[in-house]
Amino acid sequence: MNSVAVITIDGPSGSGKGTISRMLAQDLGWHFLDSGALYRLVALGADKHQIPLDDQAGLARFARDLDVVFTHSQSGEEPDVLLENQVVTSELRTETCGNRASQVAAIPAVRQALLDRQRAFAQPPGLVADGRDMGTAIFPDASIKIFLTASAAERAQRRYKQLKQKGFDVSLAALVGEITERDARDSQRQASPLKPATDAIVIDTSAMNITEVLAKIKHICQQRLADVSQQ
Ligand code: C5P
């Protein structure tokens, strides 16, 4: 499909893949694709333009023509995202937006409309791609495929801490419910459901911290990339 090295990191929400993928890309000096942000942007834009969630053709058109700019961050922190020239970085991160994104993401025409845009992120020297179907549908030939997972209770707990730190008033029980509902929708949909690629390395991060997960993934990458360069 393309000869640029790609590392895919897939998994459910709260598995730590966003933070880990960003840190790994920064570490390697590679490009980074936050594919979830694209679905979140479609959900947010649809809301702003009053495109109903059942207008599949309208949503797909909006996704195809998405006017987005991802700014570059020097510090490894989350960079600003501009939708139609407006900064939407914090709006994108809300639970409401995540839930709407998961509804929009179940529409095959929307997924199709975002396909080429995602593949275009694969540029030298390499790409770390974070999502649900990076290893199964978008980059099936990726050099390394990781699938991060953790129990729903642990993921809700992490999300709870994150949101509390940001000053949001959230309930842990509500978060467990939302995460379980989103997991079910993401893994049971027909179009590119959330699941590990057959050749993915699955890592359960329930009892690991970010540093440990990152070290493990880096170790896997070093081994694999060394193997590939010897072939
Ligand atoms: O990863 P994030 O929580 O930002 O993703 C938001 C939603 O977008 C997910 O719940 C999922 O439904 C959808 N998504 C997807 N495929 C991807 C990335 C995200 O379906 N590659």
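Refer to the structure above for everything that follows.
A short tour of the structure in this document, coming up. Note that the coordinates shown come from a computational prediction; the quantities given were computed from them, not determined experimentally.

When helices and strands are tallied, the protein chain shows 10 helices and eight strands. The C-alpha radius of gyration computed for the protein chain amounts to 17 Å, which stays within 12% of the reference 17 Å derived for 231 residues, consistent with globular compactness. Out of the 231 residues in the protein chain, the part that is buried amounts to 44%. When the accessible surface of the protein chain is totalled, it reaches about 11500 Å², and 50% of it is carbon and sulfur. For the protein chain, the distance from the average position of its 26 positive side-chain charges to the average position of its 28 negative side-chain charges is 2 Å.

The next subject is the sheet that holds strand β8 (residues 201–204). Pairing between sheet strands relies on hydrogen bonds along the backbone, with the strands arranged either parallel or antiparallel. Taken together, five strands build an open sheet; the order of strands is β2-β6-β1-β7-β8 and the sheet is parallel. Of all the strands in the sheet, the pair left with one neighbour each is β2 (31–34) and β8. Going across the sheet, the axis of each strand differs from the next one's by a mean of 20°, ignoring polarity. Of the pairings in the sheet, the one linking strand β1 (residues 6–10) to strand β7 (residues 144–149) comprises four bridges and is parallel in character. From the neighbouring strand, Thr8 faces β7, where its bridge partner is Lys145. Along the sheet face, helix α1 (residues 17–28) touches β1, β2, β6 (127–131) and β7 and points at about 175° away from the line of β6.

Turning next to the sheet that holds strand β4 (residues 81–83). Across the sheet, three strands lie side by side as β3-β4-β5; this open sheet has antiparallel pairing. Of all strands in the sheet, those with a lone pairing partner are β3 (68–70) and β5 (86–87), marking the two edges.

Across its 12 residues, helix α6 (residues 108–119) extends 17 Å between first and last C-alpha, which sits within 8% of the 16 Å expected from 1.5 Å per residue. Every buried residue belonging to α6 is among Val110, Arg111, Leu114, Leu115 and Gln118, and all of these are buried. Seen along its axis, α6 keeps its buried residues to an arc of 155°; they face one direction. Within α6, the exposed residues directed more than 90 degrees away from the buried face are Gln112 and Asp116. Looking at the buried positions of α6, the neighbouring elements they touch are β2, α2 (35–48), α3 (56–64), α5 (95–104) and α7 (134–138).

On to the site of the ligand, then. In the vicinity of the ligand lie 17 residues, with Arg40, Arg111, Asp133, Arg182 and Asp186 positioned nearest. The contact in question runs from an oxygen atom of the ligand to an N or O atom on the side chain of Arg132, over 2.8 Å. One of the side-chain nitrogen or oxygen atoms of Arg182 is found 2.8 Å away from an oxygen atom of the ligand. For the ligand, whose free accessible area comes to 450 Å², the fraction covered by protein is 97%. Sorting the residues of the shell around the ligand by element identifies α2, α5 and α9 (172–188) as the ones contributing at least two each. Sorting elements by how many residues they give to the shell around the ligand places α2 first, with four residues. Of the residues in the shell around the ligand, the class split is four nonpolar, four polar and nine charged.

Moving on to the pattern of salt bridges. Side-chain pairing between opposite charges can occur once the charged atoms of the two side chains come close. Summed over all chains, the structure comprises 16 salt bridges. Residue Glu91 pairs with Lys48 through a salt bridge whose shortest N-O separation is 3.0 Å. Of this pair, Glu91 sits in helix α4 (residues 89–92) while Lys48 sits in helix α2; the two residues are 43 residues apart in sequence, bridging distant segments of the chain. By relative accessible area, Glu91 is classed as partly exposed at 36%. Classification of Lys48 by relative accessible area gives partly exposed; the value is 45%. Between Arg132 and Asp186 there is a salt bridge, and its shortest N-O distance comes to 3.5 Å. Placement of the pair is Arg132 in the loop between β6 and α7 and Asp186 in helix α9, with a sequence separation of 54 residues. Here the residues in one salt-bridge network are Arg22, Asp34 and Arg93, joined through shared partners.

Conventions we followed
- Residues numbered from 1 in each chain as written.
- Predicted model: local features only at pLDDT ≥ 70, side-chain atom pairs only at ≥ 80, totals over all residues.
- Heavy atoms only, no water.
- Helix = DSSP H or I, 4+ residues; strand = E, 2+ residues; numbered from the N terminus.
- Rg over C-alpha atoms; globule rule 2.2 N^0.38 Å.
- Buried < 20%, exposed > 50% of the residue type's maximum accessible area, 1.4 Å probe, protein only.
- Areas by Shrake-Rupley, 256 points an atom, 1.4 Å probe, with all protein chains shown as cover.
- Lys, Arg positive; Asp, Glu negative; His and termini not counted.
- Charge placed at Lys NZ, Arg CZ, Asp CG, Glu CD.
- Pairing = 2+ DSSP bridges.
- Axes fitted to C-alpha atoms, helices over the stretch in contact; angles between N-to-C directions.
- Contact = heavy atoms within 4.5 Å.
- Expected span 1.5 Å × (residues − 1).
- Arc of directions from axis to C-beta.
- Near = heavy atom within 4 Å.
- Polar contact = N/O pair within 3.5 Å; in protein donor to acceptor, adjacent residues only side chain to side chain.
- Nonpolar A, V, L, I, M, F, W, Y, C, P; charged D, E, K, R; others polar.
- Salt bridge = Lys/Arg side-chain N within 4 Å of Asp/Glu carboxyl O.

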